[in-house]
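Chains, contacts and geometry: an overview
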Amino acid sequence: MPSGDASDRGPQGPATQVKEAIDPSGDLSFGSPTPAEGTDLWNLAREAGNLDVNSRYAYLLWCRDFAATSVVARDLRGAVAGFITGYRRPEAPDVYFVWQVAVAPGFRRRGLARTMLDHAVLRMRSNGVRYVETTVTPENKASMRLFESFAEANGADLTRDVLFSERELGSGHESEVLHRIGPFTGPARTLDGPLPD
Ligand SMILES: CC(C)(COP(=O)(O)OP(=O)(O)OC[C@H]1O[C@@H](n2cnc3c(N)ncnc32)[C@H](O)[C@@H]1OP(=O)(O)O)[C@@H](O)C(=O)NCCC(=O)NCCS
């Protein structure tokens, strides 16, 4: 992932406020993005800052072809508050690769990225996924913490190794460090506990 925004521009609050701030109040809903939302994802990717923003076309296509492995959070008006795009690696289908995570500035530090990741991975685990991979640039403290926190909550190992070097990426891009989390064992957990059978 490109360098993240480690600034605290959103409402403040510890992760323990996740349930109060998001789920029980019902002020956000979670689902798969539709192609009609591709432009919203593209706009949020540009607004979020520090992401490698791809073409508008790429987000439209992603929302058509990778909707099942992506998550969008919408507010009560239907506006996109955050998204995760990801895919199952074709050569290793037990690996869910998280491509981009973005949360709108006004929704940060409320546990939204963690909640979206939980939603995405719960869905993937029921389809045989045992590992989560992503890449993070070394200066992206927010993203680094997001995946550490996720690994801790799931009792899973987290390993790090450079996937693409600065030389490979060029144009002054920081290295992309592969984070690999897993294998997941035991029942998948929701915010409120284990998933029912
Ligand atoms: C990275 C990003 C998605 C995090 O979203 P968020 O909803 O604010 O994150 P959460 O509230 O779910 O926090 C998850 C964990 O990261 C920590 N965290 C979040 N923002 C942080 C920051 N700026 N600095 C340090 N830690 C941070 C939280 O405290 C939490 O850790 P905890 O579980 O130990 O309490 C958001 O900052 C963003 O969109 N940044 C710009 C785009 C980007 O860099 N994306 C990632 C690379 S693709």
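One can find the structure itself at the top, above this paragraph.
Quantities reported herein were computed from a predicted structural model and do not represent experimental measurements. (Residues numbered from 1 in each chain as written. Predicted model: local features only at pLDDT ≥ 70, side-chain atom pairs only at ≥ 80, totals over all residues. Heavy atoms only, no water.)

**A look at the sheet that holds strand β7 (residues 176-181)**
Pairing is mixed across the open sheet formed by seven strands, whose spatial order is β1-β2-β3-β4-β5-β7-β6. Taken across any chain shown, the strands that pair with only one partner, and hence form the sheet edges, are β1 (28-31) and β6 (158-164). Sheet twist, expressed as the mean angle between neighbouring strand axes with direction ignored, is 25 degrees. The sheet contact formed by strand β2 (residues 71-75) and strand β3 (residues 80-89) spans four bridges and is antiparallel. The partner of Ala73 across the bridge, within β3, is Gly82. (Pairing = 2+ DSSP bridges. Helix = DSSP H or I, 4+ residues; strand = E, 2+ residues; numbered from the N terminus. Axes fitted to C-alpha atoms, helices over the stretch in contact; angles between N-to-C directions.)

**Some points on a nonpolar patch on the surface**
A cluster of nonpolar side chains, contributed by Leu163, Phe164 and Leu169, occupies part of the molecular surface with about 220 Å² of accessible area. Tracing the backbone through its elements, the reader meets Leu163 in strand β6. Leu163 gets classed as partly exposed once you look at its relative accessible area, which sits at 35%. (Patch = residues over 30% accessible without salt bridge, like charges linked within 9 Å, V, L, I, M, F, W, Y side chains within 5 Å. Areas by Shrake-Rupley, 256 points an atom, 1.4 Å probe, with all protein chains shown as cover. Salt bridge = Lys/Arg side-chain N within 4 Å of Asp/Glu carboxyl O. Buried < 20%, exposed > 50% of the residue type's maximum accessible area, 1.4 Å probe, protein only.)

**Remarks on helix α3 (residues 56-65)**
Buried within α3 are the following residues: Tyr59, Trp62 and Cys63. On an axial view of α3, the arc spanned by its buried residues comes to 95 degrees, and they lie on one face. Opposite its buried face, α3 presents the exposed residues Tyr57 and Arg64, each directed more than 90 degrees away. The inward-facing, buried residues of α3 contact α2 (38-48), β3 and β4 (92-103). (Arc of directions from axis to C-beta. Contact = heavy atoms within 4.5 Å.)

**Observations concerning the pattern of salt bridges**
Considering all chains together, one arrives at eleven salt bridges under this definition. The partner of Arg110 in a salt bridge is Asp27, and the shortest N-O contact between them spans 3.2 Å. Of the two residues, Arg110 is situated in the loop between β4 and α4 (112-125) and Asp27 in the loop between α1 (18-21) and β1; the sequence distance between them amounts to 83 residues. On the accessibility criterion, Asp27 (21% relative accessible area) is partly exposed.

**With respect to the environment of Thr135**
Note on placement: Thr135 falls in strand β5 (residues 131-136). Taking C-alpha positions, Thr135 is 8.9 Å from Arg160, a pair spaced 25 residues apart along the chain. Within the structure, the side chain of Thr135 is placed 2.8 Å from the side chain of Glu176, a separation counted as a polar contact. (Polar contact = N/O pair within 3.5 Å; in protein donor to acceptor, adjacent residues only side chain to side chain.)

**Looking at the packing of α2 against α3**
Where α2 contacts α3, the two axes come as close as 8 Å, and the packing angle between them is 130 degrees. Overall, the two elements α2 and α3 adopt an arrangement that is oblique. For the pair α2 and α3, the crossing hand works out as right-handed. Note on element contacts: α3 touches α2 through Arg56, Tyr59, Leu60 and Cys63, opposite Gly38, Thr39, Leu41, Trp42 and Ala45. Looking at the contact of α2 with α3 residue by residue, the class counts come to six nonpolar, two polar and one charged. (Parallel < 35°, antiparallel > 145°, perpendicular 65-115°, else oblique. Left-handed = near helix turned anticlockwise from the far one by under 90°. Nonpolar A, V, L, I, M, F, W, Y, C, P; charged D, E, K, R; others polar.)

**Examining α4**
Between its first and last C-alpha atoms α4 spans 20 Å; for 14 residues at 1.5 Å apiece the expected length is 20 Å, and the two agree. Counting buried positions along α4 yields twelve of 14 residues, so the element is predominantly enclosed. Residues Leu112, Ala113, Arg114, Thr115, Met116, Leu117, Asp118, Ala120, Val121, Leu122, Met124 and Arg125 constitute the buried set of α4. (Expected span 1.5 Å × (residues − 1).)

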